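Commentary on secondary and tertiary structure
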Amino acid sequence: MPPVPPPLRRLLPALAAATTLVLAAAACGSGANGGTSAAEDVVVTSFYPIQFATQQITGGAVPVSVLTKPGAEPHDLELSPQDIGGMTKARLVVYADGFQPAVDEAVGLVDPAKVLDVADAAKLTLTLAEESGHAGETDPQHDDHGHSGSDPHFWLDPSRYAAVAEAISARLVKDDPQHAATYTKNTAVFVEKLSELDDEMRRGLEQCRTKQLVTSHAAFGYLAARYGLQQHGITGVSPEAEPSASALKAVADLVSSSGVTTIYQETLVEPHFAQTVAGSTGAKVATLDPIEGITSASVGRDYFEVMRSNLVALRDGQGCS
Ligand SMILES: [Zn+2]
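To keep things clear, this report deals only with the structure shown in the data block. (Residues numbered from 1 in each chain as written. Predicted model: local features only at pLDDT ≥ 70, side-chain atom pairs only at ≥ 80, totals over all residues. Heavy atoms only, no water.)

1. Some remarks on the sheet that holds strand 1 (residues 43–45)
We count it as follows: Two strands make a pair as long as DSSP finds a minimum of two bridges between them. Under the scheme used here, helices are H or I runs from DSSP no shorter than 4 residues and strands are E runs no shorter than 2 residues, and both carry numbers assigned from the N terminus. For helices, the fitted line uses only the C-alpha atoms of the stretch in contact; every axis is such a line through C-alpha atoms, and the angle between N-to-C directions lies from 0 to 180 degrees. Contact between two residues is taken to exist if any of their heavy atoms lie within 4.5 Å; hydrogens are not considered.
Spatially, four strands are ordered 2-1-3-4 in an open sheet, and the strand pairing comes out parallel. At either margin of the open sheet sits one strand with a lone partner, and together these are strand 2 (64–66) and strand 4 (115–117). Strand-to-strand twist in this sheet, taken as the mean axis angle between neighbours without regard to direction, amounts to 20 degrees. Relative to strand 2, strand 1 is paired through three bridges, and the arrangement is parallel. Bridge pairing links Thr45 to Val66 in strand 2. The strands that helix 3 (residues 48–58) touches are strand 1, strand 2 and strand 3 (92–95); relative to strand 2, the one it contacts most, it runs at about 175 degrees.

Below is the structure:
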């Protein structure tokens, strides 16, 4: 196959999502504020996990919008002028620096007093080299998504996600003392739910036949680190990056030598790399959802449901008792 230029290569898997996005935008004629509320009242969030946490905390007290529409690939998000206009008028913009280059750039146009970057609260301690294991993803050509050295997928570790929720809550309380009691109470409930999930994940992944976690998109580094697994990403942090032949062989060798029975693909990404490795090793393919957005293809209706579906898939695939 002739090499496809990177922008097109990234576009192809996102085509269906992009079509939906265009239709949705045409239908409602609005950008980031997504509807009828005055833009000034809106908290604009960058992508699903930050949107979900903010909604859980505000409980409807203020409107929350999201820049990454459901089904859109968040790493490669492109913003419309309306999106950027909505950001500059928002009461607060919440994002994680280093995940979405378009958002990082647009935040530069927003009054810094109305921006909250949760990257610090998320403690992004894993680097790309660590999270991608030995699959060869340190090649700089695979790092064209602006991750700038840190693994951004903090929300797949409920304890990191809880720390981010606390940071969002503290900021909302400070900016909007009128609703402080609501925010504080809702945050306590949300953090408690995350803590219960964390306990379930720890218990469920304690006794597993294999600790090697082979995934297509290397989004599960913090989850693996939290629960004693070792992630090996086939395509690295960017879902559409093409792994080299030697990287595929290295993963296949690991699968064969370490008794890995299951390779995980992502919900929305074409699975042929996972299936290539599975086909050459006899492993089966299962789905792990990185929860970068919720669509009808997701294995649950919100973060908690999808995480619990992921736990079921992991317990089966890793042979946990
Ligand atoms: Zn990702």
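2. Details of the nonpolar core
We count it as follows: In these notes, a set of buried Ala, Val, Leu, Ile, Met, Phe, Trp, Tyr and Cys residues joined through side-chain atoms within 4.5 Å is what counts as a nonpolar core. Any residue under 20% of the maximum accessible area for its type is buried, any over 50% is exposed, and the rest in between are partly exposed; the area is computed with a 1.4 Å probe on protein chains only. Here the bounds of each domain stem from an automatic or database domain assignment.
Membership of the largest hydrophobic core comes to 56 residues, with the highest contact counts inside it found for Phe154, Ile168 and Tyr303. Those elements that place two or more of their residues in this core are helix 3, strand 3, helix 6 (119–122), helix 8 (158–175), helix 9 (180–204), helix 10 (221–226) and helix 13 (303–317). Examining the composition of this core, we find that seven residues originate from one element, helix 13, more than from any other. The residue makeup of this core includes at least three contributed by each of domain 1 (24–125 + 151–199) and domain 2 (205–317). Excluding anything up to four places from it in sequence, Ile168 contacts Ile50, Ala53, Thr54, Ile57, Val94, Leu116 and Val118.

3. Looking at the packing of helix 11 (residues 245–258) against helix 12 (residues 272–281)
Quick note on the threshold: Any angle between 65 and 115 degrees counts as roughly perpendicular, while under 35 counts as roughly parallel, over 145 as roughly antiparallel, and the rest as oblique. For a crossing to be left-handed, the near helix must be turned anticlockwise from the far one by less than a right angle; the clockwise case is right-handed. Amino acids are sorted into nonpolar (Ala, Val, Leu, Ile, Met, Phe, Trp, Tyr, Cys and Pro), charged (Asp, Glu, Lys and Arg) and polar (every other residue, Gly among them).
At their nearest, the axes of helix 11 and helix 12 sit 9 Å apart, and the two run at 45 degrees to each other. The angle between helix 11 and helix 12 places the two elements in the oblique class. The handedness of the crossing between helix 11 and helix 12 comes out as right-handed. Where helix 11 abuts helix 12, its residues Leu248, Val251, Ala252, Val255 and Ser256 lie against Phe273, Thr276, Val277, Ser280 and Thr281. Here the residues of the contact of helix 11 with helix 12 sort into six nonpolar, four polar and no charged.

4. Re the coordination of the zinc ion
The line we're drawing: Shown as donors are all N, O and S atoms within 2.8 Å of a metal ion, widened to 3.2 Å for Na, K and Ca; because water is not in the atom set, sites may appear incomplete. Angular criteria define each label, namely tetrahedral for four donors with all angles between 85 and 135 degrees, square planar for four and octahedral for six donors with opposite donors over 155 degrees apart and remaining angles between 65 and 115, and irregular for whatever fails these tests.
Distances from the zinc ion to its protein donors, His75 (NE2), His153 (NE2), His217 (NE2) and Glu292 (OE), fall within 1.9 to 2.5 Å. Around the zinc ion sit four donor atoms, and with donor-metal-donor angles ranging over 96 to 126 degrees the site reads as tetrahedral. Donor residues binding the zinc ion come from one chain and are separated in sequence as H-x77-H-x63-H-x74-E. Taken as a pair, His153 in the loop between helix 7 (128–131) and helix 8 and Glu292 in the loop between strand 8 (284–287) and helix 13 lie far apart in primary sequence, 139 residues in all. Classification of His153 by relative accessible area gives buried; the value is 0%.

In short, geometric facts, not functional conclusions.
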